[in-house]
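# Summary of structural features
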Amino acid sequence: MTHLRSTVGGSFCSCGGCNSSPALSRRQFLCTTAATAVAASTVIGTASAQQPGGATTPGRAILIKGGCVLTLDRAVGDFEQADVLIEGGKISAVRPNISSPNAEVIDASRMIVAPGFADTHRHMWQGILRNVLPDGSLEDYRNIVQRTFGAKYTPDDVYAGDLFSALGAVDSGVTCVLDWSHIHNTPDHTDAAIKALAESGVRAVFAYGNPQNETGRYWEMTGHKFPDDIARLRKQYFSSEDQLLTLYMAAPSASPELILGAFKAARDVGARISIHVGVGEFGRSALLEKLNAQNALKSDTTYIHCCTLNDTEWKLIRDTGGTISIAGYVETLMGHGNPPTQKAIDTGIRPSLSVDVETSVPNDFFQQMRTIFSLQKNEVWARRLAGDKNPPKFLTVREVLEFATIEGARANGLERKIGTLTPGKDADIILLRTDRLNVMPMNNAVGAVVTSMGPQNVDTVLIAGKVMKRNGQLVGVDFERLTRLGNEARDRLYANANVKNARI
Ligand SMILES: [Zn+2]
């Protein structure tokens, strides 16, 4: 076992075993580092000690040694066995046999080394409502999650939800996640979400969205400051490019006038935009044609779902340089329409992937990759069986892995920093175990990741060179306190929403 040492705010061993050892007092460690953290200082031991950009100890390199390295960068190539050197939080070299005598070494001889997954749409405030709607439709979701629970969310509930969702993302190898955050009933709710994301240590895109109430007509509410509060957020939290958090606007599902207002508020502060479109029957309103008539469609926008858009709308997305996010598993379960993977490819757009709602689907990206892989292939097979003489090409596992990484980075506006293991990019890296019974003996690395692996293979996770997970355990997370935080938030929310929790 390699014992990795960090001196950010004090020394600690990040291996699972030592982490549970009482030898180093967590309190002692916290006292030296967590001057500003409040609630989360009881849960997260290290995140508040992050340097700008999330870098590890300045001057101390990390060498990931002897792994099967999938850089996904065609110019760099992939390696059956190579090393990855990380300096100052960035990837400085990828090649076999790197010598760096002063580096902290992570043994990757039984690992696939790959870029972390990038999720382009997840409603993270719902992290305390996991599995609440396993059988629910989109209509049930609106009624129960948004109008019953969402209307009653307190800032503390938002904090807990975001924290669980963020830590769950890291745990399953999602190093970058767009928090599609439409729970801003007051500015305190907003501050709570951002606080949780910052403390978790995940690379997060905070997409600022509308509040929730019992009717679903948020514009009739008082007490919220959507969308104009985005100007305060830009100043208060997002004035630097050199940090793990970036700012988006989560434009509402509302009238074109309200959407245009949100677009303007975003562009006034240079924030990119994300919006749900083409969702079920509601999505057949030719919304994008209407927005285009106001010259509102630009390359700064990600379109989510897109299941029921018309052909003109698809061309508008392509011609204006937009990106798309497919939440394939949710779409098959809840009535959005067919995940439009083939439609995107036919139009000339490479999709990104997203989890969407943990109320109904798992939080990992293996599920997302396999869902769109099987659906696209099934669609092609069906056309061939029906006698189509010119069917589309089958997706390959490599393309699907690129959707989960490169295209995710692009839709999150971060392709400059992440998405591939390219020297110069930030070190957002996952190490996936190949000595597990679901994939050994290994024959095909990309195939193993996409067709057979799961969160149980995620051994080590680095974000901007900082080790977040090691030997299968999250680093610096106090699970006892986290459990208490989650249970208390859940019970408080059920009481406030006057819902009985049957639990089974
Ligand atoms: Zn959504």
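Treat the numbers as computed from the prediction; the structure is a model and nothing was measured. (Residues numbered from 1 in each chain as written. Predicted model: local features only at pLDDT ≥ 70, side-chain atom pairs only at ≥ 80, totals over all residues. Heavy atoms only, no water.)

### Topic: the packing of helix H12 (residues 365-385) against helix H13 (residues 397-411)
- Contact pair H12 / H13: the axes reach a minimum separation of 10 Å and the direction vectors enclose 130°. Put simply, H12 runs oblique to H13. Once H12 is placed against H13, the crossing between them reads as right-handed. Along the contact surface, H12 presents Phe-365, Met-369, Ile-372 and Phe-373, while H13 presents Val-397, Val-400, Leu-401, Phe-403 and Ala-404. (Axes fitted to C-alpha atoms, helices over the stretch in contact; angles between N-to-C directions. Helix = DSSP H or I, 4+ residues; strand = E, 2+ residues; numbered from the N terminus. Parallel < 35°, antiparallel > 145°, perpendicular 65-115°, else oblique. Left-handed = near helix turned anticlockwise from the far one by under 90°. Contact = heavy atoms within 4.5 Å.)

### Comments concerning the coordination of the zinc ion
- His-121 (NE2), His-123 (NE2), His-276 (NE2) and Asp-356 (OD) make up the full set of protein donors to the zinc ion, lying at 2.1 to 2.6 Å.
- Around the zinc ion, the four donor atoms sit at angles spanning 79 to 172°, and that spread fits a shape best called irregular.
- Written as a sequence motif, the donor arrangement for the zinc ion is H-x1-H-x152-H-x79-D. With His-276 in strand S12 (residues 272-277) and Asp-356 in the loop between strand S15 (352-353) and H12, this pair connects stretches of sequence that are 80 residues apart. For the pair His-276 and Asp-356, one class covers both residues: buried. (Donors = N, O, S within 2.8 Å, 3.2 Å for Na, K, Ca; no water. Tetrahedral: all angles 85-135°; square planar, octahedral: opposite > 155°, others 65-115°. Buried < 20%, exposed > 50% of the residue type's maximum accessible area, 1.4 Å probe, protein only.)

### A short note on the sheet that holds strand S14 (residues 323-326)
- Spatial strand order, S8-S9-S10-S11-S12-S13-S14-S15: eight strands in an open sheet with parallel pairing. Edge strands, defined here as strands with exactly one partner in the open sheet, are strand S8 (117-122) and S15.
- Where S14 meets S15, two bridges bridge the pair, whose relative direction is parallel. From the neighbouring strand, Ser-325 faces S15, where its bridge partner is Ser-352.
- In the packing of H12 onto the sheet, contacts are made with S8, strand S9 (174-181), S14 and S15, and the angle to S8 comes to roughly 85°. (Pairing = 2+ DSSP bridges.)

### Description of the pairing of strand S13 (residues 301-305)
- Judged by how many residues are buried, S13 sits mostly within the fold: five of five residues are covered.
- In this sheet, S13 lies alongside S12 in parallel orientation, the contact comprising five bridges. Paired with Ser-274 across the two strands is Thr-302, which belongs to S13.
- Taken together, S12, helix H8 (residues 287-293) and S13 form a β-α-β motif whose crossover is right-handed.
- Handedness of the crossover joining S13 and S14 through helix H9 (residues 311-319): right-handed. (Right-handed = clockwise from strand over helix to strand, strands pointing away.)

### Focus: the pairing of S12
- Burial analysis of S12 places five of its six residues in the buried class, which makes it a mostly covered element.
- Where strand S11 (residues 245-251) meets S12, four bridges bridge the pair, whose relative direction is parallel. Among the inter-strand pairings, Ala-251 is bridged to a residue of S12, identified as Ile-275.
- At this point the chain moves from S11, through helix H7 (residues 256-268), to the parallel S12, and the crossover so formed is right-handed.

### Regarding the packing of aromatic side chains
- Summed over all chains, the structure comprises eleven aromatic pairs.
- Considering the side-chain rings of Phe-206 and Phe-238, the 6.3 Å spacing of their centres and the 10° angle between planes classify their relative orientation as stacked. One end of the pair, Phe-206, is in strand S10 (residues 203-208); the other, Phe-238, is in the loop between helix H6 (230-236) and S11, with 32 residues separating them in the sequence.
- A residue is classified by how much of its surface remains accessible, and Phe-238, at 3% relative accessible area, is buried.
- The interplanar angle of 45° and the centroid separation of 4.7 Å between the aromatic rings of Trp-381 and Phe-394 together place this pair among those described as tilted. On the criterion of sequence distance, the pair formed by Trp-381 in helix H12 and Phe-394 in the loop between H12 and H13 is long-range, its members being 13 residues apart.
- For Phe-394, a relative accessible area of 23% corresponds to the partly exposed category.
- Of the aromatic side chains, those joined through ring pairs into one cluster are Phe-206, Tyr-208, Tyr-218, Trp-219, Phe-226, Tyr-237 and Phe-238. (Phe/Tyr/Trp six-rings, centres within 6.5 Å; stacked < 30°, edge-to-face > 60°.)

### Thoughts on the environment of Pro-455
- In this fold, Pro-455 is placed in the loop between helix H14 (445-452) and strand S17 (458-463).
- Assessed through its relative accessible area of 34%, Pro-455 is described here as partly exposed.
- Separated by 286 residues in sequence, Pro-455 and Ala-169 have C-alpha atoms that sit 10.0 Å apart.
- Among residues more than four places away in sequence, those in contact with Pro-455 are Ser-172, Asp-364, Phe-366 and Lys-469.

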